[in-house]
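# An overview of the molecular structure
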Amino acid sequence: MKKTKKQPAKSSDLVPAWETTRREFLKGATAVTAGALSLPAAQAQARPTLPTVALGKHQVTRMIVGSNPIYGYSHFNRQYDLHMMEWYTDERIVKFLLECERAGINTWQASYNDRMPKQFPKIRDGGCKIQWICLAASWHLDPKLPRTIDAVVDGTIKCAEAAAKMQPIGIAFHGWATDMLFREGKLDRLKEFVNRVQDLGIAAGLSTHNPVILDALESKGFGNDFYMASLHYLSRRPEDWRRDIGHVPVGECYIASDREAMCAAVKRVSKPTLVYKVFAAGRLCGSPEEVRSAIEFTYKNIKPIDVALIGLYQKFYPNQIADDTRLVREILA
């Protein structure tokens, strides 16, 4: 059989096509003055911190809050993305993170974006001390960078360096990029990222959507401090879909059995793992019983040193923080 030369990875191999337009929306997103962020103390008494585990030099709660709703990653459609970004003004982000702290959550995981250098001082000036874990990617730093192996690795390292100025407790290599490196046989390039992040004095993480890749990362022994693992394999290529279900779906598709496969891999790795897509991007939130079931499944099927990373969108359901942290306390008790 004649071998064909591999072509450089295309943009679609890394992120959904609409990803690069998000940056332009964020530039025009509603902001508020620093004075407006001097928020009054909450009437409700703060709850004790949720149970914690070690991540590098820090203690993080076993439930941490994500940023996908905040920055418009709905994983449904473009309209919902825009709705989320419009709702989460800087002022609402500060109020949201303060409420998370009062409910007992001590850590926030967020993708880097060019809104953050101006946003972080507002978060701190608003009295929020929540710890931050950064998800870094070359396209978060500069969407115009080519989607080649060198540009993705080098750009993600530069993204980590930019994020380091805001003192995150951890920085992880983006899962879509990890999965692309695996497909191209270049997983060893991740060692460069791990070394640089640790040189900055920050815990280094590696993220993936594929349990096979999580096993491969563990076998490589890159010396990273933690993993991030999606409970749903979102980075499947068309050939993967044809193999797994016989068809290529329109848009994102979630397969129930993915959760079991990833949780089994999470149990096999030795490092703490932040598991995400606990609710399948909102698809497992149809009732209070379904919410409880998703949280119970997650904690039952991961290690005691692992963390559930959960995104919350409070516009329509303003009690999500209180409800989810209450469930976590009950389940972990």
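Cut-offs used in this document
- Residues numbered from 1 in each chain as written.
- Predicted model: local features only at pLDDT ≥ 70, side-chain atom pairs only at ≥ 80, totals over all residues.
- Heavy atoms only, no water.
- Phe/Tyr/Trp six-rings, centres within 6.5 Å; stacked < 30°, edge-to-face > 60°.
- Helix = DSSP H or I, 4+ residues; strand = E, 2+ residues; numbered from the N terminus.
- Buried < 20%, exposed > 50% of the residue type's maximum accessible area, 1.4 Å probe, protein only.
- Lys NZ or Arg CZ within 6 Å of the ring centre and 35° of its normal.
- Pairing = 2+ DSSP bridges.
- pLDDT = per-residue confidence, 0-100.
- Contact = heavy atoms within 4.5 Å.
- Salt bridge = Lys/Arg side-chain N within 4 Å of Asp/Glu carboxyl O.

### Concerning the packing of aromatic side chains
- All told, the structure shown has six aromatic pairs when counted by the stated rule.
- Consider the rings of Trp108 and Phe120, whose centres lie 6.0 Å apart with planes at 25°: the pair is stacked. Here Trp108, found in strand β4 (residues 107-111), pairs with Phe120, found in helix α4 (residues 116-125); they are 12 residues apart in sequence, far enough to count as distant. For the pair Trp108 and Phe120, one class covers both residues: buried.
- Between the aromatic rings of Tyr313 and Phe316, the centroid separation amounts to 5.9 Å while the plane-to-plane angle is 90°, which identifies the pairing as edge-to-face.
- Overall, the relative accessible area of 6% leaves Tyr313 in the buried class.
- Through successive ring pairs, a cluster of aromatic residues spans Tyr88, Phe96, Tyr313 and Phe316.
- The ring of Trp87 has Arg92 lying over it, and the distance from NZ or CZ to the ring centre is 3.5 Å.
- Taking the ring centre of Phe297 as reference, the NZ or CZ of Arg259 above it sits at 3.8 Å.

### Focus on the pairing of strand β8 (residues 226-230)
- The buried fraction of β8 amounts to five of the five residues, a majority that puts the element mostly inside the structure.
- Burial along β8 is two-sided: the residues Phe226, Met228 and Ser230 and Tyr227 and Ala229 are all buried.
- Inspection of the sheet shows strand β7 (residues 203-208) paired to β8 by four bridges, in the parallel sense. Across the sheet, Leu206 pairs through a bridge with Tyr227, a residue of β8.
- Two strands pair when backbone bridges link them, and β8 and strand β9 (residues 273-276) are joined in this way by four bridges, in the parallel orientation. Bridging from a neighbouring strand, Tyr227 pairs with Thr273 of β9.

### Points about the confidence of the model for the chain
- For the chain, the average pLDDT comes to 88, and 87% of its residues sit at 70 or higher.
- Taken together, the stretch residues 1-12 has pLDDT below 50 and engages in nine contacts with residues farther than four places along the chain or on a different chain.
- Segment residues 20-43: pLDDT under 50, and 44 contacts once partners within four positions in sequence are set aside and those in other chains are kept.

### Overview of the pattern of salt bridges
- Counting across every chain of the model gives 18 salt bridges.
- A salt bridge links Arg196 to Glu161; its shortest N-O distance comes to 2.8 Å. Of this pair, Arg196 sits in helix α8 (residues 190-199) while Glu161 sits in helix α6 (residues 149-164); the two residues are 35 residues apart in sequence, bridging distant segments of the chain.
- For Arg196, a relative accessible area of 30% corresponds to the partly exposed category.
- For Asp215, the salt bridge goes to Arg268, with nearest N and O atoms at 2.8 Å. Separated by 53 residues along the polypeptide, Asp215 in helix α9 (residues 211-220) and Arg268 in helix α11 (residues 258-268) bring together distant segments of the chain.
- Taking the relative accessible area as the measure of exposure, Asp215 reaches 28% and is therefore partly exposed.
- A single network of salt bridges, built from pairs that share partners, joins Arg236, Asp240, Arg243, Asp244 and Asp258.

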